[in-house]
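Each chain is listed here by its residues.
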Amino acid sequence: MSSLDHDLRQRLESLRQEGLYRELRCVSSAQGPRIEIGGRSFLNCSSNDYLGLACEPALREAAAEAAARYGAGAGSSRLICGSIQPHHDLEDALAAFKGVEAAISFSSGYAAALGAIGAIAGHGDVVILDKLSHACLIDAAKLCGARLRVFKHNDVAGLERILRQENQRGGAGARPRILVVTESIFSMDGDHAPLREIAELKDQHGAWLMVDEAHGTGLYGANRRGLAEELGVSDRIEVQMGTLGKAFGAAGGYICGSRTLVEYLVNRARSFIFSTAPVPASAAAAAAGIRFVQSGAGEIRRKQLWANVAALPARLAPPRAIPGAIIPLRVGDESAAVETAALLRERGVFIPAVRYPTVPRGTARLRLTLTAAHTAEDLRQLQSALDAIGFSPQLPNR
Ligand SMILES: *Cc1c(COP(=O)(O)O)cnc(C)c1O
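The present account deals with the structure reproduced in this document. (Residues numbered from 1 in each chain as written. Predicted model: local features only at pLDDT ≥ 70, side-chain atom pairs only at ≥ 80, totals over all residues. Heavy atoms only, no water.)

**Details of the site of the ligand**
Surrounding the ligand, one finds 14 residues, the nearest of these being G109, D212, H215, T243 and K246. A distance of 2.9 Å separates an oxygen atom of the ligand from a polar backbone atom of Y110. Residue H215 places a side-chain N or O atom 2.5 Å away from an oxygen atom belonging to the ligand. Isolated, the ligand exposes 380 Å² of accessible area, and the fraction of that covered by the protein chains is 83%. (Near = heavy atom within 4 Å. Polar contact = N/O pair within 3.5 Å; in protein donor to acceptor, adjacent residues only side chain to side chain. Areas by Shrake-Rupley, 256 points an atom, 1.4 Å probe, with all protein chains shown as cover.)

As structure tokens, then:
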């Protein structure tokens, strides 16, 4: 065994001992409320395909047509010769959907965060993050070279303190560039950010705001643009980010806002410039997902999703001011969460345990998500499996 492998073996062993070991499970079916793993069918309660679009015929057909017409591969990065029509169509559709001047698509939401934050902020600047921000926002903030400040989850007073401190640091005349970054609907807790208060503060303190709507786009607001629309603050967010891989049912990420922002990112976002463009099928599927979300059929799916969420007992899903499809079933201990997930699997229910570093240590959970594709029978099966193992979620202690 090489010395590297020897070293890595030891590290893997300690991950196992801490209940933090992860492994892939090969899914041999298409995505949906039922998935097949190892020849067995499971009720899937862990997908971000909130509207059940991943297998929707309109998206499959759009992907197939784009592959037939433009090929399987994209050939190069967008700035070399890979900026094919489907990418432009997708970005036009995105900008129109979001009601903004322009949009730019990336190969993933992760790449969008890395590209955008890295282009906007650097040495001498400040990035201020909500403590529970997604790993891609944290990584981007760390990599960009700016000073990184973190406020307690959704703690508006804490954010204000940091804004004041950072503005005073440089003394008069030397105001730093400050970028405040948060999610709208938090990916592992399903709660929402106080976007109105945050927007108010960043304006008062001359900062810019970036909001990751990975779990908001397609689901909230009169035009389904996201939580920012629902809360009436879209116009005050300089950098709107999201993914094409959740409610839109495809894959990829985006940043949208002003034409100037997009023009700048084309020039400076390294994850955009130095990466092969997404395949034509992916862009076309995402554009079809956006069209579906805006259609009457999309509205029916959304109603179904919220009806499914409302059908869960309050014991599992305490009522929220803003309904959410992400329902954390808290266990606490990492190994206990893994064991709970295994017990549910024995009963045919698939909800992986989410542990550190995805969530803070000691807050391991089963991250239950519902989609529009779940049926009443699915929800009954979920509840009877949870009852059979005697599960009751811990209350959050934050
Ligand atoms: C999933 C997710 C991302 C990453 O998007 P991908 O397209 O999957 O790379 C970014 N932010 C949040 C909050 C997410 O949940």
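**Description of the pairing of strand β1 (residues 34-37)**
Burial along β1 is one-sided: I35 and I37 are buried, and none of R34 and E36, which face the opposite way, are. Two elements, β1 and strand β2 (residues 40-44), share four bridges in a ladder whose sense is antiparallel. Pairing of R34 across the sheet is with L43, part of β2. Remark: two residues form the turn of the hairpin made by β1 and β2, two consecutive strands paired antiparallel; G38 in that turn has positive phi of roughly 55°. (Buried < 20%, exposed > 50% of the residue type's maximum accessible area, 1.4 Å probe, protein only. Helix = DSSP H or I, 4+ residues; strand = E, 2+ residues; numbered from the N terminus. Pairing = 2+ DSSP bridges.)

**Describing the sheet that holds strand β8 (residues 239-243)**
Ordered in space as β3-β9-β8-β7-β6-β4-β5, the seven strands form an open sheet in which the pairing is mixed. Every interior strand has two partners, whereas the edge strands, β3 (102-106) and β5 (147-151), have only one. Averaged over all pairs of adjacent strands, the angle between strand axes in this sheet comes to 20°, irrespective of strand direction. Summarising the sheet, strand β4 (residues 126-130) and strand β6 (residues 178-183) pair through four bridges and their orientation is parallel. Considered in β6, the bridge of V127 is made with L179. In the packing of helix α6 (residues 135-143) onto the sheet, the strands contacted are β4, β5, β6, β7 (208-212) and β8, and the crossing angle to β4 comes to about 160°. (Axes fitted to C-alpha atoms, helices over the stretch in contact; angles between N-to-C directions. Contact = heavy atoms within 4.5 Å.)

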